[in-house]
Every structure is written in C-alpha cells, then in structure tokens.
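Structural overview for review
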Amino acid sequence: GAGVSQSPRYKVAKRGQDVALRCDPISGHVSLFWYQQALGQGPEFLTYFQNEAQLDKSGLPSDRFFAERPEGSVSTLKIQRTQQEDSAVYLCASSYTTDTEAFFGQGTRLTVV
Amino acid sequence: AQTVTQSQPEMSVQEAETVTLSCTYDTSESDYYLFWYKQPPSRQMILVIRQEAYKQQNATENRFSVNFQKAAKSFSLKISDSQLGDAAMYFCAYRRGYGGATNKLIFGTGTLLAVQP
C-alpha cells in the first residue's frame, strides 16, 4: 500500500477484555516498530521486528502485551485482560531498513472502560 | 540511557512570523540522529527534518531549519513564515546512528504549536 495502515482506528474495550490491533506496513519494509502514546505524552517504544523476527521487546509493559509478525509483513499487537492504564494511542511504524526513515500509521486509539 | 527533553508544553505564533521550539537531549554516544516530527490531530507522525550528529551543518527543509549545538546537546527547530497548517504537536526524537538491532526512536513530551491568524 501507499502508507502504513492501522486498524481499527478506534477501539473501546471493557476492562478485562482482550484486544488485537493490526498494522499493515509499507510493502517491502523490513523493520516494524510498535509505540504506545499516552495522552499528552510522546510515543514510547514497545517492540521491534526485523522481518518476522522480534528482535527487541524490551518496551512491552507487561506479559499481557504480545506482538507477532508471522510472515514478515502484517503485524498484530495483542493486549490480554485490558486495564484502564492501557488506554492510549498505539502507533505502528515501518522502515525499509533499520537505518532508513520510519513511516508511521495513523494509530489506533484504545479506550478501556 | 538516552533522554529527550522538550521544556515548552505550548507555544503560539502569529501567522507569517517565526517561532523556535526547543529540545535538549542526553546521550553518551557519538553517532546518532535527531529528528523533529509533526503530529496533527490525525495522529500520524510526519517527519519534518532530520540531523546527523556527525554533520556540523544545520539541516534545512524549506521553511524549517534546526540549530544543532552538539556540545550543548541542544537541537531547536525554527519555523519561518508560519502558516495555519503548521499548527500541530511537534516532537523531538533521538535515534542511535549505527545499525544495531533496534534503531528505536526516543521521543520528547512534545510542544503544542498554535498559529494565530
């Protein structure tokens, strides 16, 4: 596609519910990043993929967060048993290589009620 | 650990005037990149300008330019001839320069820029 596509744009989840957020990177982009942006804050790194390999998951806040990119293209960020503090915008970014410009999607705004 | 600090939560500028957004950072590395991103209400991060640490010359992109002071670890963004479309949240960001396993971006907390007609 022309850009990084994320779905859904908005998600409301009841506390305790599981959610799955999808990221379609730019075709051919090797690197894929997930960031979490709390209200009024800058994005914070969650995890990084190089093709299908998850090389860095140091930013995942708890074991309730899980990300995958099984075929090296589309990625899914899954949050189990959502809690109110998980409410944030989740941004996905992709780049051709690790050293080239990262392009961002429009994010998914998750609200946990 | 690297940190990025933006001390101006909000700024305002008159249309056609010039405004400077401040950013400081802390790192022990010598090879890195610095970026300014714009985030409009649509939430999509848009790259405004980037600076390689090894370059002494300040980067410029049309109306946008930076003042990169490596010794002071300062990286400010100047917007000239401000336009209504410049109104957005602006984030300063840092990234390691070498091709390590993760070239994640480290962001500041942002500056909300308002442009007055």
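A short tour of the structure in this document, coming up. No experiment lies behind these values; they were computed from the predicted model shown.

**Digging into the overall build of chain B**
In terms of regular secondary structure, chain B is built from zero helices and 12 strands. Reading chain B from its N end, one meets helices and strands in the order β-β-β-β-β-β-β-β-β-β-β-β. Here chain B has a C-alpha radius of gyration of 14 Å; the compact-globule value for 117 residues is 13 Å, and the two agree. Overall size of chain B, expressed as C-alpha extent along the three principal axes, is 45 × 30 × 25 Å. For chain B, buried positions account for 49% of its 117 residues. Here the contacts in chain B between residues at least 6 apart in sequence split such that 55% fall between residues at least 24 apart. A total accessible area of about 5,500 Å² is found for chain B, and carbon and sulfur atoms account for 47% of it. Averaging the coordinates of the 11 positive side-chain charges in chain B and doing the same for the 10 negative ones gives two points 8 Å apart.

**Overview of the packing of aromatic side chains**
Counting across every chain of the model gives 16 aromatic pairs over all chains. Geometrically, the ring pair formed by Tyr35 of chain A and Phe45 of chain A is edge-to-face, given 6.2 Å between the ring centres and 75 degrees between the ring planes. Here Tyr35 of chain A, found in strand β4 (residues 31-37), pairs with Phe45 of chain A, found in strand β5 (residues 44-50); they are 10 residues apart in sequence, far enough to count as distant. Relative to Phe35 of chain B, the ring of Tyr33 of chain B lies with its centre 6.3 Å away and its plane at 35 degrees, an arrangement referred to as tilted. Here a set of aromatic residues connected by ring pairs shows up, and it is made of Phe33, Tyr35, Phe45, Tyr48 and Phe104 of chain A together with Tyr33, Phe35, Tyr37, Phe91 and Phe107 of chain B. Across from the ring centre of Tyr10 of chain A, 5.1 Å away, lies the NZ or CZ of Arg43 of chain B, which sits over that ring.

**Observations regarding the state of the cysteines**
The tally for this structure, following the rule as stated, stands at two disulfides over all chains. Residue pairing for Cys23 of chain A: its cysteine sulfur links by disulfide to Cys92 of chain A, the two sulfurs lying 1.9 Å apart. Torsion about the S-S bond of the Cys23 of chain A and Cys92 of chain A cystine: about -65 degrees, corresponding to left-handed handedness. Taken together, the residues span a long stretch of sequence, with Cys23 of chain A in strand β3 (residues 19-24) and Cys92 of chain A in strand β9 (residues 88-95) at a distance of 69 residues. Paired by a disulfide, Cys23 of chain B and Cys92 of chain B hold their sulfur atoms 2.0 Å apart. Here the disulfide of Cys23 of chain B and Cys92 of chain B is left-handed, its torsion about the S-S bond being about -70 degrees. Here Cys23 of chain B is found in the loop between β3 (19-21) and β4 (24-26), whereas its partner Cys92 of chain B is found in strand β10 (residues 88-96), with 69 residues between them in sequence. Since its relative accessible area comes to 2%, Cys23 of chain B is described here as buried.

**Observations regarding the interface of chain B and chain A**
Counting residues at the interface gives 22 residues for chain B, matched by 27 residues for chain A. For the chain B and chain A pair, buried surface summed over both sides reaches about 1,900 Å², with 48% attributable to carbon and sulfur atoms. At the boundary of chain B and chain A, one finds seven residue pairs in polar contact (both at pLDDT 80 or more). Secondary structure elements with two or more residues in the side of chain B that touches chain A: β5 (32-39), β6 (46-52) and β10 of chain B. When the residues that make up the side of chain B that touches chain A are grouped by side-chain class, the tally is eight nonpolar, 10 polar and four charged.

**Topic: the pattern of salt bridges**
Tallied over the entire structure, the rule returns seven salt bridges over all chains. Measuring nitrogen to oxygen at the nearest pair gives 2.8 Å for the salt bridge that ties Asp86 of chain A to Arg64 of chain A. Placement of the pair is Asp86 of chain A in the loop between β8 (75-79) and β9 and Arg64 of chain A in the loop between β6 (53-56) and β7 (65-68), with a sequence separation of 22 residues. For Asp86 of chain A, a relative accessible area of 3% corresponds to the buried category. One salt bridge in this structure joins Glu52 of chain B and Lys55 of chain B, with 3.9 Å as the shortest N-O distance. Overall, Glu52 of chain B belongs to the buried group, its relative accessible area being 12%. Salt bridges here are not isolated pairs; linked through shared partners, they connect Arg50, Glu52 and Lys55 of chain B.

So, how was this worked out
Residues numbered from 1 in each chain as written. Chains lettered and ligands numbered in written order. Predicted model: local features only at pLDDT ≥ 70, side-chain atom pairs only at ≥ 80, totals over all residues. Heavy atoms only, no water. Helix = DSSP H or I, 4+ residues; strand = E, 2+ residues; numbered from the N terminus. Rg over C-alpha atoms; globule rule 2.2 N^0.38 Å. Buried < 20%, exposed > 50% of the residue type's maximum accessible area, 1.4 Å probe, protein only. Contact = heavy atoms within 4.5 Å. Areas by Shrake-Rupley, 256 points an atom, 1.4 Å probe, with all protein chains shown as cover. Lys, Arg positive; Asp, Glu negative; His and termini not counted. Charge placed at Lys NZ, Arg CZ, Asp CG, Glu CD. Phe/Tyr/Trp six-rings, centres within 6.5 Å; stacked < 30°, edge-to-face > 60°. Lys NZ or Arg CZ within 6 Å of the ring centre and 35° of its normal. Disulfide = S-S within 2.5 Å. Buried area = accessible area lost by both parts, 1.4 Å probe. Polar contact = N/O pair within 3.5 Å; in protein donor to acceptor, adjacent residues only side chain to side chain. Nonpolar A, V, L, I, M, F, W, Y, C, P; charged D, E, K, R; others polar. Salt bridge = Lys/Arg side-chain N within 4 Å of Asp/Glu carboxyl O.

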